[in-house]
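Listed below are the residues making up each chain.
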Amino acid sequence: MTASPVAAVAAALHGAPRVAVYCHVRPDADTLGSGLALARALRSRGADVSVSHPGPDLPSGIGSLAGADGFTDPIDADVAVAVDCASAERLAGLEQRFLAHPVRVVIDHHATNGGFGTVDLIDPAANSTTELVLAVIDALGVEVDGPTADCLYAGLVTDTGSFRWSSPQGHVMAARLLAAGARGRELSRDLLDTHPRAWFSMVAAVLGSATAVPEAFDGRGLVYSVCRAVDRGPLGWDAAESLIDLLRTADDCEVAALFKESDGGEWSASLRARADVDVSEVARGFGGGGHRLAAGYSAAGTVDDVVAAFLAHT
Ligand SMILES: [Mn+2]
């Protein structure tokens, strides 16, 4: 990463009295941790800052992050910042609001992000968007205190799968954040290792109905499953988010796919590759995006149609 995009973002934020930070729809710990950490840093410099996400849904486990009780509608701001959003569409109902700002900063690490700000800081080599936010905070000269370190660590530990696919820089960053007071053990427990017991029956249903397609992807194999709204039962949408990490452990399938039904009957597909199939390309074909080994897209229709459309492209 060159220093200049970081410096350009810091310059755009420097002295801005009002900043509206936008997180993506169905927010995860990386987008929320990025937004909350950036807001803390800017507020410490005297700025008025809002942190917003489209829709009512917050994932479980983020309640202990500083500011997690303070998400609001976007304020009228001089500068808008989108964090961890691979495209403007990821802002859903807040997209037009964001795009109306004359100064728009995009901070993201998705390889498929083509840039939709007036100032873009996009680095696919970053483990998490919080890694890029930390670079911006450093460029602003703001000290990272314990609560800010928590927010940054939350994005890092989740986006690296508990550091399983972290770069060396991710470990260096983790050491710095833990030394600054991040509650690593508690955050891992809350964000990754806590489920209501109803989650167990959902896992059983979804993994029990997993289907293998050995001939897919030039014989390298696909395993896929479906998580219908009824499989989730009383659980929220985010309960299904970690299922793909179980599916993708199939030892004889290079690619894993999970089709998740929202309460509104729409579908989101999560794709993972074990080694070297570029699933972001597959996702892009359906209007989605992501990383080479982890990507996704949205779809509408019956489950049979959605799955058949995907299988036709494997
Ligand atoms: Mn991320």
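Read on for an overview of the structure. Computed from a predicted structure; not experimentally measured.

**Comments concerning the pattern of salt bridges**
- This structure, assessed with the given rule, holds eleven salt bridges.
- Between E254 and R220 there is a salt bridge, with the nearest N and O atoms lying 3.6 Å from each other. Of this pair, E254 sits in the loop between helix 11 (243–247) and strand 8 (255–261) while R220 sits in the loop between helix 9 (216–219) and strand 7 (222–227), and the two are 34 residues apart along the sequence.
- According to the relative accessible area criterion, E254 is buried, its value standing at 7%.
- A salt bridge links K260 to E241; the shortest N-O distance between them is 3.0 Å.

**Re the coordination of the manganese ion**
- Looking at the manganese ion, one finds its protein donor set to be D30 (OD), D84 (OD), H109 (NE2) and D159 (OD), positioned 2.1 to 2.3 Å from the metal centre.
- For the manganese ion, the donor residues sit on a single chain with the sequence spacing D-x53-D-x24-H-x49-D. One end of the pair, D84, is in the loop between strand 3 (79–83) and helix 3 (95–99); the other, D159, is in helix 5 (residues 146–159), with 75 residues separating them in the sequence.

**Comments concerning helix 7 (residues 184–192)**
- Three or more residues of helix 7 are buried, namely G184, L187, S188 and L191. Looking straight down helix 7, one finds that the buried residues subtend no more than 100° of arc, so they occupy a single side.
- Where helix 7 is buried, its residues contact helix 2 (29–44), helix 5 and helix 6 (168–179).

**Quick look at unusual backbone geometry**
- Not every positive phi belongs to a glycine, and A92 is a case in point at roughly 45°.
- Position of A92 relative to the elements: it lies in the loop between strand 3 and helix 3.
- For A92, a relative accessible area of 36% corresponds to the partly exposed category.
- Phi at F163 takes a positive value of approximately 75°, unusual for a residue other than glycine.
- Turning to its location among the elements, F163 is positioned in the loop between helix 5 and helix 6.

**Quick word on the pairing of strand 8**
- Among the seven residues in strand 8, six count as buried, and that is most of the element.
- Here strand 7 runs beside strand 8; their pairing, made up of six bridges, is parallel. Bridge pairing in strand 8 places S225 opposite L258.
- Two strands pair when backbone bridges link them, and strand 8 and strand 9 (residues 267–273) are joined in this way by seven bridges, in the antiparallel orientation. Directly across from K260, in strand 9, lies its bridge partner S268.

**Here's the deal with the packing of aromatic side chains**
- Following the criterion strictly, the structure yields seven aromatic pairs and no others.
- An angle of 80° between the planes, with centres 6.4 Å apart, marks the rings of Y224 and F259 as edge-to-face. Note that Y224 is positioned in strand 7 and F259 in strand 8, a separation of 35 residues in sequence.
- Classification of Y224 by relative accessible area gives buried; the value is 14%.
- What makes F259 buried here is its relative accessible area of 0%.

**Quick word on the packing of helix 2 against helix 4 (residues 129–140)**
- Between helix 2 and helix 4, whose axes approach to 9 Å, the crossing angle comes to 10°. Compared by their axis directions, helix 2 and helix 4 come out roughly parallel. Touching D30, G33, S34, A37, L38, A41 and L42 of helix 2 are T129, T130, V133, V136, I137 and L140, all from helix 4.
- Residue composition of the contact of helix 2 with helix 4, by class: eight nonpolar, four polar and one charged.

**Structural notes on the sheet that holds strand 11 (residues 294–299)**
- The mixed open sheet is built from six strands, whose spatial order is 6-7-8-9-11-10. Taken across any chain shown, the strands that pair with only one partner, and hence form the sheet edges, are strand 6 (211–213) and strand 10 (289–290).
- Where strand 9 meets strand 11, six bridges bridge the pair, whose relative direction is antiparallel. By the bridge assignment for strand 11, A269 is matched with Y297.
- The sheet strands contacting helix 13 (residues 303–311) are strand 6, strand 7, strand 8, strand 9 and strand 11, and the helix crosses strand 7 at an angle near 160°.

**Section: the sheet that holds strand 3**
- Strand order in the open sheet formed by five strands is 2-1-3-4-5, with parallel pairing between adjacent strands. With one partner strand each, in any of the chains shown, strand 2 (48–52) and strand 5 (119–122) form the two edges of the open sheet. Shown here is a sheet whose adjacent strand axes are inclined to one another by a mean of 15°, direction ignored.
- Bridge count for strand 3 against strand 4 (residues 103–108) is five bridges, and the pairing is parallel. Looking at strand 4, one finds that V83 is bridged to I107.
- Each of strand 1 (18–23), strand 2, strand 3 and strand 4 touches helix 2; the most contacted strand, strand 2, lies at about 175° to it.
- Against the sheet, helix 4 makes contact with strand 3, strand 4 and strand 5, and its axis sits at roughly 125° relative to strand 4, the strand it touches most.

About the criteria used
Residues numbered from 1 in each chain as written. Predicted model: local features only at pLDDT ≥ 70, side-chain atom pairs only at ≥ 80, totals over all residues. Heavy atoms only, no water. Salt bridge = Lys/Arg side-chain N within 4 Å of Asp/Glu carboxyl O. Helix = DSSP H or I, 4+ residues; strand = E, 2+ residues; numbered from the N terminus. Buried < 20%, exposed > 50% of the residue type's maximum accessible area, 1.4 Å probe, protein only. Donors = N, O, S within 2.8 Å, 3.2 Å for Na, K, Ca; no water. Arc of directions from axis to C-beta. Contact = heavy atoms within 4.5 Å. Pairing = 2+ DSSP bridges. Phe/Tyr/Trp six-rings, centres within 6.5 Å; stacked < 30°, edge-to-face > 60°. Axes fitted to C-alpha atoms, helices over the stretch in contact; angles between N-to-C directions. Parallel < 35°, antiparallel > 145°, perpendicular 65-115°, else oblique. Nonpolar A, V, L, I, M, F, W, Y, C, P; charged D, E, K, R; others polar.

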